[in-house]
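These are the residues of each chain, in order.
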Amino acid sequence: MRKAVVALLMLSLPGVVLAESPNWNKVDASYLDTDVGVDGVDDDLSFDGFRVGGSAAIDPDMVVLDNLFVFADFDSVSNDDSNFDLDIDFLSAGIGSYKHLTKTTDLYATVSFEHVESEASAFGLSESGSDKTWGVGIGLRSMLTPNVEIDTKLDYVAFDEELIRFNLSAFYHVTKNFSFGLGYETHRETQDFDIDSLSATVRYSF
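Residues numbered from 1 in each chain as written. Predicted model: local features only at pLDDT ≥ 70, side-chain atom pairs only at ≥ 80, totals over all residues. Heavy atoms only, no water.

Draft legend 1. Representation of the overall build of the protein chain within the structure. The helix and strand tally for the protein chain stands at 1 helix and 10 strands. The 206 residues of the protein chain split such that 38% are buried. Restricting to contacts in the protein chain with at least 6 residues of sequence separation, those with at least 24 account for 54%. Surface exposure of the protein chain reaches about 11800 Å², of which carbon and sulfur atoms provide 60%. (Helix = DSSP H or I, 4+ residues; strand = E, 2+ residues; numbered from the N terminus. Buried < 20%, exposed > 50% of the residue type's maximum accessible area, 1.4 Å probe, protein only. Contact = heavy atoms within 4.5 Å. Areas by Shrake-Rupley, 256 points an atom, 1.4 Å probe, with all protein chains shown as cover.)

Spelled out as structure tokens, the structure:
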């Protein structure tokens, strides 16, 4: 995990060539390496899984306001061992608005629908649960160079146990349409558990 964090920081080092503004039309596919810390349990639970998601700018001719976009992200992680299986799915989808702070940097805010579903099984017994609510977030995307992009975002999610979600990612744009990146995301609840994820992502921009 330490090597991945160092690589993420290296990707975010600034360059000297001017870049364009971030592209809001994109599709992502990610591999997730996730640790879940539960109150009362000494060792973190280790999960792996995937994320698919993306965003699309809304045609200004279709709405009154400019600089709107829609987005959706779906995560699925699982922990399988000989005695205990746990699957967790997350969905975050909504609408956002961005403002050009500079030619290369956008400040953005989102309102989202949030859904989480989990299923645990052990020794032939199983239990499942789900919750859905709303969330709000604020973030910053910046093209440091024509090839290097950083994105950071903070969300508040109003589950029964309130959750703060922070995400930091860096992307290297190989071409105008194709890029890859590394990311770190943490979920902090007021009680019960915390989630930390590292991601490796392939992105297609259109």
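Draft legend 2. Focus on the sheet that holds strand β4 (residues 84-100). In space, the 10 strands of this closed barrel follow the order β1-β2-β3-β4-β5-β6-β7-β8-β9-β10, with antiparallel pairing throughout. Taken pair by pair, the neighbouring strands of this sheet meet at an average axis angle of 20°, ignoring direction. The pairing of strand β2 (residues 45-57) with strand β3 (residues 68-80) spans 10 bridges and is antiparallel. What sits directly across from phenylalanine 50, in β3, is serine 76. (Pairing = 2+ DSSP bridges. Axes fitted to C-alpha atoms, helices over the stretch in contact; angles between N-to-C directions.)

Draft legend 3. Inspection of the layout of surface pockets at higher detail. Within this model, the largest pocket holds a volume of roughly 460 Å³. Sorting the residues of the lining of the largest pocket by element identifies β1 (26-38), β4, β5 (105-122) and β6 (125-143) as the ones contributing at least two each. Counted by class, the lining of the largest pocket contains 11 nonpolar, 3 polar and 6 charged residues. Size it by volume and the second largest pocket reaches roughly 290 Å³. Considering the residues around the second largest pocket, the lining is formed by 14 residues, among which Glu20, Ser21, Asn23, His173 and Lys176 are closest to the centre. (1 Å grid on protein atoms, 1.4 Å probe; cavity = no way out; pocket = protein on both sides within 12 Å on 5 of 7 lines; lining within 4 Å. Points joined across faces, edges and corners; volume = space filled by probe spheres on them. Nonpolar A, V, L, I, M, F, W, Y, C, P; charged D, E, K, R; others polar.)

Draft legend 4. Representation of empty space enclosed by the protein within the structure. Enumeration according to the criterion identifies 2 cavities of 30 Å³ or more in this entry. Estimated volume of the largest cavity: approximately 640 Å³. A total of 6 residues in the lining of the largest cavity trace back to one element, the largest contributor, which is strand β8 (residues 163-173). Tallied by class, the residues present in the lining of the largest cavity amount to 11 nonpolar, 12 polar and 13 charged. Lining the second largest cavity are Leu32, Thr34, Asp75, Val77, Phe90, Glu185, His187, Ile195 and Ser197.

Draft legend 5. Layout of the environment of aspartate 106. By the element assignment, aspartate 106 lies in strand β5. Its relative accessible area of 0% is what places aspartate 106 among the buried residues. A sequence separation of 37 residues divides aspartate 106 from methionine 143, and the C-alpha atoms of the two residues are 9.1 Å apart. Excluding anything up to four places from it in sequence, aspartate 106 contacts Pro22, Trp24, Tyr98, Lys99, His100, Leu101, Gly139, Leu140 and Arg141. Only 3.0 Å separates the side chain of aspartate 106 from the side chain of tryptophan 24, close enough to count as a polar contact. A distance of 2.6 Å separates the side chain of aspartate 106 from the side chain of histidine 100, its partner in a polar contact. (Polar contact = N/O pair within 3.5 Å; in protein donor to acceptor, adjacent residues only side chain to side chain.)

Draft legend 6. Region of interest: a nonpolar patch on the surface. Judged by side-chain polarity, Leu101, Leu107, Ile138, Leu140, Leu154, Ile164 and Phe166 come together as a nonpolar surface patch covering roughly 560 Å² of accessible area. By the secondary structure assignment, leucine 154 is in strand β7 (residues 148-157). What makes leucine 154 partly exposed here is its relative accessible area of 42%. (Patch = residues over 30% accessible without salt bridge, like charges linked within 9 Å, V, L, I, M, F, W, Y side chains within 5 Å. Salt bridge = Lys/Arg side-chain N within 4 Å of Asp/Glu carboxyl O.)

Taken by themselves, the reported measurements are silent on function.
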